[in-house]
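# A closer look at the structure
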Amino acid sequence: MPITSLEFDVVRKMIYERAAIVLEPGKEYLVEARLGPLARADGCTINQLIGRLRNGTERSLSDRVVEALTTNETAFFRDVKPFETLKSTVLPEIIARKSASRQLNIWCAASSSGQEPYTIAMTLKEHFPQLLNWQVRILCTDISTEMVTRTKLGRYSQLEIGRGLPAPMLLKYFNRVGLEWEAAPELKRWLDVRQMNLAAPWPTLGKQDVVFCRNVLIYFDVDTKRSILRRIRDLITPEGYLFLGAAETTRGLDDQFESMHIGSGGCYRVLGAGKTVERRVS
Amino acid sequence: MILRKILESIGFEVEQAENGRVAYDLLCSWIPFDVPDLALVDWNMPEMNGIELIEAIRDNSELDALKIIMCTTETEVSQMTLALLTGANEYVMKPFTAETIIDKMALIGMPVGTS
Ligand SMILES: C[S@@+](CC[C@H](N)C(=O)[O-])C[C@H]1O[C@@H](n2cnc3c(N)ncnc32)[C@H](O)[C@@H]1O
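Residues numbered from 1 in each chain as written. Chains lettered and ligands numbered in written order. Predicted model: local features only at pLDDT ≥ 70, side-chain atom pairs only at ≥ 80, totals over all residues. Heavy atoms only, no water.

## Comments concerning the overall build of chain A
The helix and strand inventory of chain A stands at 12 helices and 10 strands. Here chain A has a C-alpha radius of gyration of 20 Å; the compact-globule value for 282 residues is 19 Å, and the two agree. Each principal axis of the C-alpha atoms in chain A carries an extent, and together these give about 60 × 50 × 35 Å. A total of 282 residues make up chain A; the buried ones form 52% of that total. Contacts spanning at least 24 positions in sequence make up 72% of the contacts within chain A whose residues lie at least 6 apart. When the accessible surface of chain A is split by element, carbon and sulfur atoms take 53% of a total near 12900 Å². In chain A, 39 side chains carry a positive charge and 33 a negative one; their mean positions are 5 Å apart. (Helix = DSSP H or I, 4+ residues; strand = E, 2+ residues; numbered from the N terminus. Rg over C-alpha atoms; globule rule 2.2 N^0.38 Å. Buried < 20%, exposed > 50% of the residue type's maximum accessible area, 1.4 Å probe, protein only. Contact = heavy atoms within 4.5 Å. Areas by Shrake-Rupley, 256 points an atom, 1.4 Å probe, with all protein chains shown as cover. Lys, Arg positive; Asp, Glu negative; His and termini not counted. Charge placed at Lys NZ, Arg CZ, Asp CG, Glu CD.)

In structure tokens form, the structure reads like this:
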């Protein structure tokens, strides 16, 4: 039976409270499509499943519903440009500036199944051999425990590696495991993968030189976006860099960030940072 | 073939050849002015297989600008290595979708209008 508007509201409220994700009216079909498999697995109807959700007694059920309703769409080298900007401008600047402390901290704030952090790791390995004797940490967080597990495992299907990963890099940085490909230990070593809800209070994460927060703000309302951007600003080093998704911006949300254009791509820095870089680029 | 339709819909002209030998002759007939931008090469073809075709293409300096994507059911690491060493720019394993091919085209610097 299709879900009623009351049932849709139950789901909508729950996903907003738990993950700050805004489900617009009209997304009933999405709820039905995503919760269908859960209901089937439990041998009940979607309506019964939502009934259980409304009772609110099963924490694990609402976890599973959150998992089912998040969009985990991602790809290696997604949009290409951010990784070119990282390579051409951001990393050379950071490496020159931090040559004494030799510490590099990058945070991938909605890392999904891990293609984004592994892309960052490959970019570092491929172009910055000097990082070998640096302390590198790529912190990966996502609300979904399933995605966290996948990122830790670092295994990808033929179809997933077919999306965006150049064949020479596949050969260099992945090992064949049956029909799948597993990221090499030298990449995994840099990743620190944890479950974390961006919309809840954050644990101590440490100062970050670069933050990737891509294709996740789009799911949130304005207040949540603002609060996340403000907290990123507190976390980023004064000279740090922020990358957002292609459809996301700080404009109108946080006027303490300024965008910098590099080639046809770009990223954001806290106002006043990076005068030296801008001079080098122009 | 769906791939052909999709490539045509984003502005490419597509020619097909039934085997490696025919493909190579066709390519040579287009020298010097009409050499295409891209060859999608299968591994298993009668007469001249994909690797032999790539070898022939890379031996011919007049075809230097031609990019090559190997599209195949062969999935051994050694085969992939061989194809890339022989001169393929990219390697796509089945199963793949038209999206995968377009993605790879973007990766090797072709204008496909996506990122
Ligand atoms: C579309 S993916 C983006 C993945 C990657 N950053 C990229 O751009 O390819 C969005 C991810 O955000 C995660 N997510 C959604 N709401 C979240 C929240 N409140 N806190 C943390 N992660 C969240 C989802 O689990 C999903 O993996």
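## Re the interface of chain B and chain A
At the interface, 18 residues of chain B touch 16 residues of chain A. Interface of chain B and chain A: buried area, both sides summed, is about 1400 Å²; carbon and sulfur atoms make up 66% of it. Inspection of the region where chain B meets chain A yields zero salt bridges. At the junction of chain B with chain A, the criterion picks out four residue pairs in polar contact (both at pLDDT 80 or more). Residue contributions to the side of chain B that touches chain A peak at five residues, all from helix α5 (residues 98-107) of chain B. Counted by class, the side of chain B that touches chain A contains eight nonpolar, four polar and six charged residues. (Buried area = accessible area lost by both parts, 1.4 Å probe. Salt bridge = Lys/Arg side-chain N within 4 Å of Asp/Glu carboxyl O. Polar contact = N/O pair within 3.5 Å; in protein donor to acceptor, adjacent residues only side chain to side chain. Nonpolar A, V, L, I, M, F, W, Y, C, P; charged D, E, K, R; others polar.)

## Some remarks on the environment of B:I101
Residue and element names in this part refer to chain B. Mapped onto the elements, I101 comes out in helix α5. Along the primary structure I101 and Y91 are separated by 10 residues, whereas in three dimensions their C-alpha atoms are 9.6 Å apart. In this structure I101 touches L3, L40, I69, C71, V92 and F96, once residues within four positions along its chain are discounted.

## As for the pattern of salt bridges
Counted by the stated rule, this structure contains 24 salt bridges over all chains. Put simply, A:R194 and A:D192 hold a salt bridge, and the shortest N to O gap is 3.3 Å. Across the pair B:R4 and B:E8 runs a salt bridge whose closest N-O atoms are separated by 3.1 Å. Here B:R4 and its partner B:E8 are both found in helix α1 (residues 2-9), four residues apart, which amounts to about one turn of the helix. Classification of B:E8 by relative accessible area gives partly exposed; the value is 37%.

## Side note on helix α2 (residues 20-29) of chain B
Residue and element names in this part refer to chain B. Listing the buried residues of α2 in full gives G20, A23, Y24 and L27. End-on view of α2: buried residues confined to an arc of 95 degrees, all on one side of the axis. With a side-chain oxygen positioned 2.9 Å from the backbone nitrogen of R21, the residue opening α2 is N19. (Arc of directions from axis to C-beta.)

## Some points on the environment of B:C28
Tracing the backbone shows B:C28 in helix α2. Measuring from C-alpha to C-alpha, the distance between B:C28 and B:L63 comes to 8.2 Å, with 35 residues separating the pair along the chain.

## Section: helix α2 (residues 28-42) of chain A
Residues and elements named next belong to chain A. Helix length check: α2, at 15 residues, gives a terminal C-alpha distance of 20 Å against a target of 21 Å (1.5 Å per residue), a fit within 8%. By the largest-angle criterion, L35 marks the main kink of α2, which is about 35 degrees, and a proline, P37, follows within four residues. Every buried residue belonging to α2 is among L30, V31, L35, G36, L38 and A39, and all of these are buried. Positioned one or two residues after α2, G43 has a phi angle of 65 degrees, which is positive. (Expected span 1.5 Å × (residues − 1). Bend = angle between axes of the 7 residues up to and from the residue.)

## Some thoughts on the domain arrangement of chain A
All names here are of chain A. On domain assignment, one finds that chain A holds domain 1 (5-69) and domain 2 (81-281). Each of domain 1 and domain 2 has a C-alpha centre, and the two are 31 Å apart. Carbon and sulfur atoms make up 49% of the surface buried where domain 1 meets domain 2, a total of about 660 Å² over both sides. For the interface between domain 1 and domain 2, the tally reads zero salt bridges. Inspection of the domain 1/domain 2 interface yields six residue pairs in polar contact (both at pLDDT 80 or more). Secondary-structure elements contributing two or more residues to the side of domain 1 that touches domain 2 are α1 (5-19) and α4 (59-69). Considering each element in turn, the side of domain 1 that touches domain 2 owes the most residues, three residues, to α1. (Domains from an automatic or database assignment.)

## What to know about the pairing of strand β7 (residues 208-213) of chain A
Residues and elements named next belong to chain A. Burial within β7 is extensive, with six of its six residues counted as buried. Bridging between strand β1 (residues 103-108) and β7 involves three bridges; their strand directions are parallel. Among the inter-strand pairings, W107 is bridged to a residue of β7, identified as V211. In the sheet, β7 pairs with strand β8 (residues 236-244) via five bridges, with the strands oriented parallel. Paired with Q208 across the bridge in β8 is I236. The parallel pair β7 and β8, bridged by helix α11 (residues 222-235), forms a crossover whose chirality is right-handed. (Pairing = 2+ DSSP bridges. Right-handed = clockwise from strand over helix to strand, strands pointing away.)

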